[in-house]
Amino acid sequence: MMCRTDESVPEPGGEHDVGATDAVFTSLLEDSAEELYEQAPCGYLSTLMDGTIAKINKTLLDWVGLERSRVVGKMRFADLLTVGGKLYHETHFAPLLQMKGEVSGIALDIKAAGRQRMPVLVTSKVKTSEDGEPMLIRTTVFDARDRRAYEAELLRGRKAAEEAHRQSEADRARLQEALAVLQQSLLPAALPVVPGLEAGSYYHTASADLLGGDFYDLFPVDGGRWAFFLGDVCGKGPQAAAVTSLARYTLRAAALHDADPVTALSTLNTVLHERYASGEGRYCTAIFGVLEPADGHVGVHLASGGHPSALIHRADGSADYLPTPGGLLVGVLPQAPFTAAHTDLRPGDTLLLYTDGLTEARIGPARELYGEDALRAFTAGQSPAGPQALITALSGLLDSFGDGLDDDTALLALGVPATPASLAAPASEDPT
């Protein structure tokens, strides 16, 4: 079936469409220039050079709520402004306009109808004669109420964000202070004075926002002997802190009952396993040892439970590890083997215990592990000046790692002075 084309329907874009469009534009252009001026979406006014208003459109008159007869020839532009706006106009706006001949986008407030303040943006330009003499000032006034409300909302939002940030920083500071106090409570306030020995310690906190699980202690036991330990609990935060506290006091109590290193670690293993076996497992690594002063040297008996081997810095400057292979993590199994070792510290020798935050630090562009070999080489490069000197050097090394050190690190160094006092002197602290 054939379809008939209706020739009366014009094609899109044809002569009929063009004519209709021209008719619309023609109707718009029939508006007089005076009507466009009076009904403009912004305020217009012209003033003499002294500011007296010579002409003003209806839009601006409606904003200020005044009759034309009260304004033209009787008021100056500054009279339409608030007190603050008038002051700014006289001290800044007018002088700048006189100097430059044009001022654009100045935020002012006019006195709107009903004694309301109305924010506006003002642009003025000086009209000059052919000789360049200033004749009058033409000014446009744009309604800025929506913009001012938007800016006020932004300001309120910014102030709220700043206040929230300040509160967050204050809360964080209080939390860090509380965590620092709690962290200190898990460590001895100061190492005791051991006759014939020197001792030094250091604790490096990787994050002020998290509790670490590293711990150490040095205390007297029976017969003039001294016990020491250093360990690292798995994890961070309050749960790790609880395990740290339990481990520290368990080892101290176990040592007073039986100071044998393997026995002390076995006791800790039993306590941790029984305490946490039914829930999320909690375990740690630890070295426990006993110092026995003798004539001219100090005997060291220690045992390790999965902890990095102790490092000995000898008086001749050499450094090497005291091997403790095979020791199992403390708290993992009901019955765990622990590796024992023995050595003698002679004048000038230092025994160093550390947690793995030191050797597992990341260094260099490739972020490689610092490692035990580097630690041994660093220690051997230090003068054998005793525990405190070694601790000071190592604390500087830890600081040099920067953000490559992402785990807490505990250091404990014990040594015999190069010219020792009597090694058999009585203990200076009550074992109980």
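The paragraphs below set out a description of the structure included in this document. (Residues numbered from 1 in each chain as written. Predicted model: local features only at pLDDT ≥ 70, side-chain atom pairs only at ≥ 80, totals over all residues. Heavy atoms only, no water.)

1. Considerations on the nonpolar core
In terms of nonpolar packing, the biggest core is built from 27 residues, with Phe219, Leu251, Leu265, Leu268, Leu272 and Phe288 touching the most fellow members. Secondary structure elements with two or more residues in this core: strand 7 (214-220), strand 8 (226-233), helix 7 (238-257), helix 8 (261-276) and strand 9 (284-294). Per-element accounting of this core gives the leading share, seven residues, to helix 7. Ignoring sequence-local partners within four residues, the contact set of leucine 251 consists of Phe215, Phe219, Phe229, Ala264, Leu265, Leu268 and Phe288. (Core = buried A, V, L, I, M, F, W, Y, C linked by side-chain atoms within 4.5 Å. Buried < 20%, exposed > 50% of the residue type's maximum accessible area, 1.4 Å probe, protein only. Helix = DSSP H or I, 4+ residues; strand = E, 2+ residues; numbered from the N terminus. Contact = heavy atoms within 4.5 Å.)

2. Remarks on helix 9 (residues 371-380)
Among the residues of helix 9, Gly371, Leu375 and Thr379 are the ones counted as buried. Around the axis of helix 9, the buried residues are gathered within 120° of arc, so they sit on the same side. Exposed residues pointing more than 90 degrees away from the buried face of helix 9 are listed as Asp373 and Ala377. Buried positions along helix 9 lie against strand 11 (310-313), strand 12 (319-322), strand 14 (350-354), strand 16 (368-369) and helix 10 (387-400). (Arc of directions from axis to C-beta.)

3. Notes on the sheet that holds strand 4 (residues 116-128)
Spatial ordering of the open sheet is given by 2-1-5-4-3, a layout of five strands whose pairing is antiparallel. The open sheet is flanked by strand 2 (53-56) and strand 3 (102-112), the only strands paired with a single partner. Averaged over all neighbouring strand pairs, the angle between strand axes comes to 30°, with direction disregarded. As paired strands, strand 1 (residues 43-47) and strand 2 are joined by three bridges and run antiparallel to one another. Looking at strand 2, one finds that leucine 45 is bridged to isoleucine 56. Contacts from helix 5 (residues 83-100) reach strand 3, strand 4 and strand 5 (134-143), with the element oriented near 155° to strand 3. (Pairing = 2+ DSSP bridges. Axes fitted to C-alpha atoms, helices over the stretch in contact; angles between N-to-C directions.)

4. Concerning the sheet that holds strand 9
Within a sheet, adjacent strands bond to each other through the backbone by hydrogen bonds, running parallel or antiparallel. Pairing is antiparallel in the open sheet, where five strands are placed in the order 7-8-9-10-13. A strand with exactly one partner marks an edge of an open sheet, and here the two such strands are strand 7 and strand 13 (339-345). Strand-to-strand twist of the sheet, defined as the mean angle between neighbouring strand axes without regard to direction, takes the value 15°. Across eight bridges, strand 8 lies against strand 9 in antiparallel orientation. Across the sheet, phenylalanine 228 pairs through a bridge with glycine 289, a residue of strand 9. Contacts between helix 7 and the sheet are confined to strand 7, strand 8 and strand 9, with strand 7 contributing the most and set at about 20° to the helix.

5. Digging into the pairing of strand 9
Burial of strand 9 is extensive: eight of the 11 residues sit out of reach of the surface. As judged from the nine bridges shared by strand 9 and strand 10 (residues 297-305), these two strands associate in the antiparallel manner. Across the sheet, alanine 286 pairs through a bridge with glycine 305, a residue of strand 10. Linking strand 9 back to strand 10 in an antiparallel pair, the connection comprises two residues, with glycine 296 at a positive phi of about 80°.

6. Concerning the packing of helix 7 against helix 8
Angle between the axes and distance between the axes: these two values describe a pair of packed helices. Close contact between helix 7 and helix 8 brings their axes to 9 Å; oriented N to C, the two are set at 140°. Comparing the axis directions of helix 7 and helix 8 gives the class oblique. Note on packing geometry: the crossing formed by helix 7 with helix 8 is right-handed. Within the contact between the two elements, helix 7 uses Ala242, Val243, Leu246, Ala247, Thr250, Leu251 and Ala254 and helix 8 uses Ala264, Leu265, Thr267, Leu268, Val271, Leu272, Arg275 and Tyr276. The class makeup of the residues in the contact of helix 7 with helix 8 is 12 nonpolar, two polar and one charged. (Parallel < 35°, antiparallel > 145°, perpendicular 65-115°, else oblique. Left-handed = near helix turned anticlockwise from the far one by under 90°. Nonpolar A, V, L, I, M, F, W, Y, C, P; charged D, E, K, R; others polar.)

7. Concerning the pattern of salt bridges
Under the counting rule described, the total for this entry stands at 17 salt bridges. Across the pair arginine 166 and glutamate 163 runs a salt bridge whose closest N-O atoms are separated by 2.7 Å. In this pair, arginine 166 and glutamate 163 are both assigned in helix 6 (residues 145-185), three residues apart and thus about one turn of the helix distant. For arginine 166, a relative accessible area of 48% puts it in the partly exposed group. The salt bridge partner of aspartate 403 is arginine 367, with a shortest N-O separation of 3.5 Å. Taken together, the residues span a long stretch of sequence, with aspartate 403 in the loop between helix 10 and strand 17 (409-415) and arginine 367 in the loop between strand 15 (362-363) and strand 16 at a distance of 36 residues. On the basis of relative accessible area, aspartate 403 is assigned to the exposed category, the value being 64%. Overall, arginine 367 belongs to the partly exposed group, its relative accessible area being 40%. One salt-bridge network, held together by shared partners, links Asp217, Arg248 and Arg252. (Salt bridge = Lys/Arg side-chain N within 4 Å of Asp/Glu carboxyl O.)

8. Here's the deal with the state of the cysteines
Within this structure, the stated rule accounts for zero disulfides. For the unlinked cysteine cysteine 234, the closest cysteine sulfur is that of cysteine 284, found at 9.8 Å. (Disulfide = S-S within 2.5 Å.)

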